[in-house]
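Remarks on the overall topology
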Amino acid sequence: MGKIKQKGKTGAARVYITRNQALKKLQVTLADFRRICILKGVYPREPKNKKKANKGSTAPVTFYYTKDIQYLLHEPVVQKFREYKTFVRKLSKAIGKGELDTAKRLENNKPIYHLDHIIKERYPTFHDAIKDIDDALSMLFLFSTMPVTDKIGAATVANCERLCAEFQQYVIRTHSLRKTFLSIKGIYYQADIFGVEVTWIVPYKFSQNVPTDVDFRIMHTFLEFYQSLMGFVNYKLFNSVGLRYPPKLDVAKSESAAGLAAYDLEESNSLPSIAHGDNKQARKRIASLGNKIGDIVEKDAETDERPEQSAAETNDATVDNGGDDKLDEFKAIDEDTTDAASKADAQVSSVDTSLLAPFTFYLSREVPRFSLEFVIRAFGGKVAWDPVLGGGSPYAESDPVITHHISDRPHLAQKYEGRVYVQPQWVYDSVNKGHLERTDLYVPGATLPPHLSPFVKLSENDYNPEEEVSAGEEEEEEEEGVDASEDKKAIETEKKVEEPSADVEEDETEKAELEHQRELEAEAAGVEYSEYMKNNKPSKSKKRSSDAMNADQKDEKEAKELSKMMMSNKQRKLYNKLENTNVKKENYNNNLRNKKKEIQKNKKAKADK
């Protein structure tokens, strides 16, 4: 006899656990449970059958995996939460009794927890961490622009500003920026970091009102984790390019709102420093390292040549034997990773990262310096700005080195010779398209071309706003217009001539008699035969409708209908839904194309006038 299965202890009831059961098991409050779940990456789950998972109950509850809760039992941060609660209770008791010495001693021994081990658990490799920094960057940039309130501390805002500036310094140094887009929400950026596309959004630097309906406790928990994560990532990124981390901050420039110019990047020394300055033997060993490394490289080259010679000899032997014995081929384990790395290198090489390197830009006080400085420097350009935007500008406004002057005013009081005056959009459009746009289209005061998102990937039949109307399409439109006018003329002539009643269905003989009758009436009315035939010529649109379906198309349509008949009811509904969405999308794209043609036709008519 098999083992009897007890109700509620097998299947979904054992795999899932409710939130109340998890709170009792961990012995923590709901707020602490939310914090630990966010930090550890444990999220609610949706079982296939809620009734079975809840042991027969249909009450609305939140489920978690039992293994995840078991995993949280051994987390050191949970113990730190308990110690912190004990500390708060003791501190409040000491302050209530007036024992200031005890309160001071407790404050000095306040329990502190770190998230280093959690980050190493969630991201075993650096590549995994880079894949997950999109949300981290967006939240850090958001809090770096928030005002200091009772919910958002000054230290939090300053730390977010520092981490964001460090990441921007790395992107500028490695020229990793690829795309940027100005939207209503903010400015979107995309950088290529170790072959991973990282996209984040930066809000505009306007005065922000802190909303009252947002739970900042949950936001702070995410922000706490993201700060630790970005600290690790920035450290690894700086070390990968040989820079010392953290970079030095010039306090005087920072206080004068220099922004990214306040950070001084220093090269890190690869060799360890000598502990004792008088250690001559250590210095001699370091000096002789170059010769030793050269000897090792030569030996490795010789050893690499020998296996190649032996492999060639064995290949010759197999050819002599007639190729009967075939050797096994073993692929390298890291072959896929090397292919991905080579593809990433090819993509990087195709992007012109030094697009703005020959130019020096000057930013007027009305343009967004925080964004333009980052984009221009990431593509190799040099930037100066108005003193109103902050200190630390490397050039004055009248410096002859400046080649481009970026302004967002319709009229400028003073202009310098030898400079190109453009609006800020010229920089973003040039960067997105990979080449320098025409500057005459972006002159201050001019109507700018549309700023399109580079993140939209168009398929074959999608509407492309940058696609120009071809001459063939214009000729077709003109022909259709001519056909429509001819149809109108034919209707007018038919109105003059008495027509028989159209309500009666006619066969071929009746149609021929009617046509003969019309010819006679037209001749009696004084209309020439050539003019009558010209007015009654069938239009191309009618020909297209009559000759639209040839034999192949009919066979294809019949095959499609037969396959549709063989579908089940569910499959047929899904197929019809897909067809309807495709038709709606096609109609939408055609409407956009027609609107563009009308706009271009109106512009052409105005230009001719």
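Predicted model only: the values in this text are computed from it and were never measured.

Some points on helix 12 (residues 216-240)
For an α-helix, the turn length of 3.6 residues means that residues three or four places apart are oriented alike. Along its 25 residues, helix 12 runs 35 Å from first to last C-alpha, staying within 8% of the 36 Å computed at 1.5 Å per residue. Burial in helix 12 covers these residues: F216, T221, L223, F225, Y226, Q227, L229, M230, V233, N234, L237 and F238. Where helix 12 is buried, its residues touch helix 3 (30-40), helix 8 (116-122), helix 9 (126-131), helix 10 (134-144), helix 11 (154-174) and strand 4 (187-193). Positive phi shows up at G242, right after helix 12, with a value of about 75°.

Describing the packing of aromatic side chains
Counting across every chain of the model gives 19 aromatic pairs. Seen in terms of ring centroids, F222 and Y226 are 6.2 Å apart; in terms of plane orientation they differ by 35°. Their pairing is tilted. Taken together, the residues span about one helical turn, with F222 and Y226 both in helix 12 at a distance of four residues. The exposure class of F222 is partly exposed, given its relative accessible area of 23%. Using a relative accessible area of 11% as the deciding quantity, one classes Y226 as buried. Linked through ring pairs, F141, F167, Y189, W200 and F374 together constitute an aromatic cluster.

Some details on the sheet that holds strand 5 (residues 196-202)
Spatial ordering of the open sheet is given by 3-4-5, a layout of three strands whose pairing is antiparallel. With partners counted over all chains shown, the strands left at the sheet margins are strand 3 (177-182) and strand 5, one partner each. Sheet twist, expressed as the average angle between the axes of neighbouring strands with direction ignored, equals 15°. By the bridge criterion, seven bridges tie strand 4 to strand 5 in an arrangement that is antiparallel. Residue pairing for strand 5: I187 is matched across the bridge by V202.

Procedures and definitions
- Residues numbered from 1 in each chain as written.
- Predicted model: local features only at pLDDT ≥ 70, side-chain atom pairs only at ≥ 80, totals over all residues.
- Heavy atoms only, no water.
- Helix = DSSP H or I, 4+ residues; strand = E, 2+ residues; numbered from the N terminus.
- Expected span 1.5 Å × (residues − 1).
- Buried < 20%, exposed > 50% of the residue type's maximum accessible area, 1.4 Å probe, protein only.
- Contact = heavy atoms within 4.5 Å.
- Phe/Tyr/Trp six-rings, centres within 6.5 Å; stacked < 30°, edge-to-face > 60°.
- Pairing = 2+ DSSP bridges.
- Axes fitted to C-alpha atoms, helices over the stretch in contact; angles between N-to-C directions.

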